[in-house]
Amino acid sequence: MSEEIERYVIKGGNPLVGEVEIGGAKNAALAIVAASIMTDETVSIENMPDVRDTNVMLEAMQSIGVNVDRIDRHTVRINGSMVKNVNIDTESIRKIRASYYLMGALLGKYKRAEVPLPGGCDIGSRPIDQHVKGFRALGANVDIKGGIVKASAEKLVGAHIYMDVVTVGATINVMMAASMAEGKTIIENAAKEPHVVDVANFLNSMGANIKGAGTDVIRISGVSRLRKCTYSVIPDQIEAGTFMYAAAVTKGDVLIKNVIPKHLESISAKLLEIGCQIQEFDDSVRVAATKRLRPTQIKTLPYPGYPTDMQPQAGVALALSDGVSTITESIFENRFRYVDELVSMGANIRVEGNTAFIEGVESFTGAHIKAPDLRAGAALVIAGLAASGSTVIDDIYYIQRGYEDFDSKLRKLGAHIEVERVNGKVSREDFKVIS
Ligand code: UD1
């Protein structure tokens, strides 16, 4: 069936120059809105990104009786006292990976949760065994049947949990449930990502007792009740990093504002290595590039290593560099889906297993391509901005899941990018879970 769909039309070739304001971190916000139902009092969240994923999450919460009040575009008030049931199953909630945070939040507060497993898997196998292991250690029965995860417990009791892999999702989920368990929980080999710390800070503002977030051992003393608070979400490290690469690849000069430079260190270090100039200020970072970029090696790792969500953007930069680079993807196996599209723009990249071998070319030429997933899609936009001629990018709904006003922010920096509405077919079955 044909319907109106959106795509980007980009005329590349001019450097991005100016200032851009970064929004709240999508991945922190998703967990924070879920956790805000753990009190019966009203929680106020500021610096909320207005992106599809967070909006879908808020809609799913409304469907179980949560009161969601949008005060303005970036402020939302949430009251979870009227939750009618702990069984969430909407078409849309299956499309965002972060729906799993409702498990930890509902289980912690009501000792019961029924949440569908996310549908497809675009960036590789994404098991939830560590989430389940953590919930079980806290005393919950967890059953997965017909794509629904059912968890319930008489009571949750603190436990000593060792995560077999470093996982952001399971660390946050278990931390949420353990906040309202009886006694002490220790999570070892915990993820250290900035959004793990942000969610811990949020829960602590609600009266939880969590120590050590940001290190690999998190200690939680359970409390019986959480209370209202006002909280501001941290800036989005990945949105910021994407604009940093956009400046680098277009040989531009961009001041990226409202960031925490410390969270961007691994990205700044790579950009320096490949020949960019980086200036850090208190809450902004300036990226400028004047010469052709240099090649390097990158391996994605848990924080503070180089983020997997910044891997495609780096691939685009290295594909234009002066030499041979390699990128090793060690978190998700299916994150090179931008490579074929980039090759159609003239890049010279060969993927073997989890490594991409990249031989830099002098320039890309515009092409008609599509966004394979959220971050890959954003990276291809950057490629289009650097290419000669016109690039058309289909399937931009992926990009809209995680970037607020991406095209207008780019236009303010001098990019020629427009959203075109055309009649076409949205490959909904392709609209899988990717973040
Ligand atoms: C989150 C981010 C995503 C980012 C990823 C890694 C959200 C909504 N998404 O995803 O953008 O790319 O962190 O920084 O915040 N794993 C298991 N068992 C589990 C859970 C995970 O083996 O139970 C594995 C995964 O397959 C992967 C690794 O652990 O190889 C890291 O995954 P994880 O950190 O959990 O990623 P997400 O939380 O899904």
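Cut-offs and rules
Residues numbered from 1 in each chain as written. Predicted model: local features only at pLDDT ≥ 70, side-chain atom pairs only at ≥ 80, totals over all residues. Heavy atoms only, no water. Helix = DSSP H or I, 4+ residues; strand = E, 2+ residues; numbered from the N terminus. Rg over C-alpha atoms; globule rule 2.2 N^0.38 Å. Contact = heavy atoms within 4.5 Å. Areas by Shrake-Rupley, 256 points an atom, 1.4 Å probe, with all protein chains shown as cover. Pairing = 2+ DSSP bridges. Axes fitted to C-alpha atoms, helices over the stretch in contact; angles between N-to-C directions. Core = buried A, V, L, I, M, F, W, Y, C linked by side-chain atoms within 4.5 Å. Buried < 20%, exposed > 50% of the residue type's maximum accessible area, 1.4 Å probe, protein only. Polar contact = N/O pair within 3.5 Å; in protein donor to acceptor, adjacent residues only side chain to side chain. Domains from an automatic or database assignment. Buried area = accessible area lost by both parts, 1.4 Å probe.

For this particular structure, what's the right way to read the overall build of the chain?
Looking only at helices and strands, the chain has 13 helices and 23 strands in total. Taken against the 2.2 N^0.38 rule, which gives 22 Å for 435 residues, the C-alpha radius of gyration of the chain at 21 Å falls within 12% of a compact globule. If one aligns the C-alpha atoms of the chain with their principal axes, the spans along those axes are about 65 × 45 × 40 Å. Of all intrachain contacts in the chain linking residues separated by at least 6 positions in sequence, the fraction that spans at least 24 positions is 74%. As displayed, the chain offers around 16500 Å² of accessible surface, 47% of which is attributable to carbon and sulfur atoms.

Explanation requested: the sheet that holds strand E7 (residues 141-145) in the structure shown.
Strands in a sheet are paired, the pairing made by backbone hydrogen bonds, and the direction either parallel or antiparallel. One open sheet accounts for three strands, arranged E6-E8-E7; its pairing is antiparallel. Each edge of the open sheet is held by one strand with a lone partner, namely strand E6 (112-116) and E7. Strand-to-strand twist of the sheet, defined as the mean angle between neighbouring strand axes without regard to direction, takes the value 10°. As paired strands, E7 and strand E8 (residues 148-152) are joined by five bridges and run antiparallel to one another. Counted as the bridge partner of Ile144 is Val149 from E8. Strand contacts of helix H3 (residues 101-110): E6 and E8, with the helix running at about 165° to E6, the strand carrying the most contacts.

Honestly, the nonpolar core in this entry has me stumped. Any pointers?
Side chains of nonpolar character tend, in soluble globular proteins, to be buried together. Of all hydrophobic cores here, the largest spans 79 residues; its most connected members are Met57, Leu102, Leu106, Met175 and Leu203. With near-sequence residues (within four places) excluded, Met175 lies in contact with Ile187, Val196, Val199, Ala200, Leu203, Ile210, Ile218 and Ile220. Val20, Val249, Val287 and Val316 belong to the second-largest nonpolar core, a separate cluster that totals 72 residues.

What is the right way to read the environment of Arg73 from this model?
By secondary structure assignment, the location of Arg73 is in the loop between strand E4 (67-72) and strand E5 (75-79). Those residues within four positions of Arg73 in sequence are excluded, and the remaining contacts are Met48, Asp50, Glu404 and Asp405. A distance of 2.7 Å separates a polar atom in the side chain of Arg73 from a polar atom in the side chain of Asp50.

How should the sheet that holds strand E10 (residues 184-188) be read in this particular structure?
Overall, mixed pairing links the four strands, which are arranged E9-E10-E12-E11 in an open sheet. One side of each edge strand has no neighbouring strand; the edge strands of this open sheet are strand E9 (160-162) and strand E11 (209-211). With strand direction ignored, the average angle separating the axes of adjacent strands in the sheet is 15°. Bridge count for E9 against E10 is three bridges, and the pairing is parallel.

What is the right way to read the domain arrangement of the chain from this model?
Think of interface size as the accessible area that goes away when the parts come together; that is how it is often given. In terms of domain boundaries, the chain breaks down into domain 1 (2-23 + 235-431) and domain 2 (26-232). Spacing between the C-alpha centres of domain 1 and domain 2 amounts to 30 Å. On the side of domain 2, 22 residues touch domain 1, which itself brings 29 residues to the contact. With both chains or domains summed, domain 1 and domain 2 bury close to 2100 Å², and 47% of this area falls on carbon and sulfur atoms.

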